[in-house]
Amino acid sequence: MLDPGVVHLNHGSFGACPTDVLDVQAQFRIEMERNPVAFMLHDYQPALEQSREALAEFLGADAAGLVFVPNATYGVNSVLRSLETQLSPGAEIVVTNQTYNACRNAAIVSASRFGGSVIDVDIPFPIESPSVIVDRIRSAVTERTALVMLDHVTSPTGLVWPVAELVAELEPDIPVLIDGAHAPGMIELDLSSIGASFYTANCHKWICSPKGAAFLHVAERHRPHMHAAAISHGHNDGWPASSSRFHAQFDWTGTDDPTARLAVPAALEVMAAHRPGGWEEIRRSNHELALAGRDIVADALQLAAPAPDAMIGSIAALPLPVPEDAGDSIFDPLMERLHHEWKIEVPVFAWPTAPERVIRISAQQYNEIDDYHRLAEALRAELG
Ligand SMILES: Cc1ncc(COP(=O)(O)O)c(C=O)c1O
């Protein structure tokens, strides 16, 4: 499906869905449009339950605590909207300088609604060890902390964070919301052993489902207070097809195209069948390719690796030299040049703030080592 004329080194942003999975989604769409009423009122919920069960098994999670949401942004917003009615003025939400911008915005707006504030913890990049993250988060937490929002795999810097260790320190006194947008399919996940109050992530990135499939897992003690960012029938038990009040809040949030979430089991199967070693081999080979790709680019630009290999999944970032005529746009003009002149899709973000910037490579099954050599050649030419 991917355009063969382009070097795709940005699986991280929006994923890419195999045609076999799109075919399953298309079949659901045909069934839906043949009889929309019968599909929505009779066929949808059983298909959703199958999808939920398959995803729960993959994630090591209990299906009773698992709901689908359209994307991780929606998952984060749902948690914040559900918690904020219980929070008092002065309460604090802890985020970091590596929190995804959309999710930080959601925390800021939420804090303004209950009269609280957002504490922004600075996590360095380059980084020497995951213990730096644990230490910095630990020292930002006070008796005012009502929620800690942590990324499992950071967007700008591509690092896998020690979330299980942090959850073990903070919970149950302080609820933790993990934004694991990139994690499922990239790193091995067992949500039960992580034990966070809230975990949201996308299926449309590294599980390679169609776009619009993501999930939120909520620990049992929080389920009675949860509602989706869009209040719908479930609020007054008006969606009886669901097996619990918690599920009903999210199983129906208004009419939409549910086929992406229904195609999640197909994505799990199609990807697992792609390699003899299934998901484990996919994760390992992507990880090895990401490290090899990062080293090719780092060598070409004479940069040191900015993080230990163990903190990398299948995306890896490198700080780039800052040009003299640098501007202040979030997406660096170099990204546009790589897109237009070199036909390479790779993000170059302003980080931590413009004009400083990072380039972030991805490694997915369709990538080859030559993709990174091509990027290295382009960067050598562009950066002189
Ligand atoms: C860490 C992180 N959180 C949240 C998101 C948002 O994902 P979505 O746009 O699917 O909500 C992203 C997207 O790249 C991300 O990297």
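Residues numbered from 1 in each chain as written. Predicted model: local features only at pLDDT ≥ 70, side-chain atom pairs only at ≥ 80, totals over all residues. Heavy atoms only, no water.

Colleague: Summarise the site of the ligand; cite the residues concerned and give the values.
Modeller: Taken together, 14 residues form the shell around the ligand, and within it Thr-73, Asp-179, His-182, Asn-202 and Lys-205 come nearest. In the environment of the ligand, an oxygen atom lies 3.5 Å from a nitrogen or oxygen atom belonging to the side chain of Asn-71. Asp-179 places a polar side-chain atom, nitrogen or oxygen, 2.5 Å from a nitrogen atom of the ligand. Calculation on the ligand without its partners gives an accessible area of 400 Å², and the protein chains cover 89% of this total. Within the shell around the ligand, the residues separate by chemical class into five nonpolar, six polar and three charged. (Near = heavy atom within 4 Å. Polar contact = N/O pair within 3.5 Å; in protein donor to acceptor, adjacent residues only side chain to side chain. Areas by Shrake-Rupley, 256 points an atom, 1.4 Å probe, with all protein chains shown as cover. Nonpolar A, V, L, I, M, F, W, Y, C, P; charged D, E, K, R; others polar.)

Colleague: Could you give an account of the side chain of Lys-205, with specific residues and numbers?
Modeller: Position of Lys-205 relative to the elements: it lies in the loop between strand S7 (198-202) and strand S8 (214-218). This buried residue, Lys-205, is left without a salt bridge; Asp-179 holds the nearest opposite charge, at 8.2 Å. Polar side-chain contacts of Lys-205 include one of 2.9 Å to the backbone oxygen of Gly-12. (Helix = DSSP H or I, 4+ residues; strand = E, 2+ residues; numbered from the N terminus. Buried < 20%, exposed > 50% of the residue type's maximum accessible area, 1.4 Å probe, protein only. Lys, Arg positive; Asp, Glu negative; His and termini not counted. Salt bridge = Lys/Arg side-chain N within 4 Å of Asp/Glu carboxyl O.)

Colleague: How would you explain the sheet that holds strand S11 (residues 348-350) if you had to name every residue and give the values?
Modeller: Sheet architecture is open: three strands sit in the order S9-S12-S11, paired in antiparallel fashion. A single partner strand is all that each edge strand has here, and the edge strands are strand S9 (315-320) and S11. With strand direction ignored, the average angle separating the axes of adjacent strands in the sheet is 30 degrees. Bridge count between S11 and strand S12 (residues 357-362): three bridges; the pairing is antiparallel. Of the residues in S12, the one forming a bridge with Phe-349 is Val-358. Packing against the sheet, helix H12 (residues 278-301) makes contact with S9 and S12, and its axis sits at approximately 15 degrees to S9. (Pairing = 2+ DSSP bridges. Axes fitted to C-alpha atoms, helices over the stretch in contact; angles between N-to-C directions. Contact = heavy atoms within 4.5 Å.)

So far we have only geometry, and geometry alone does not tell us how the molecule works.
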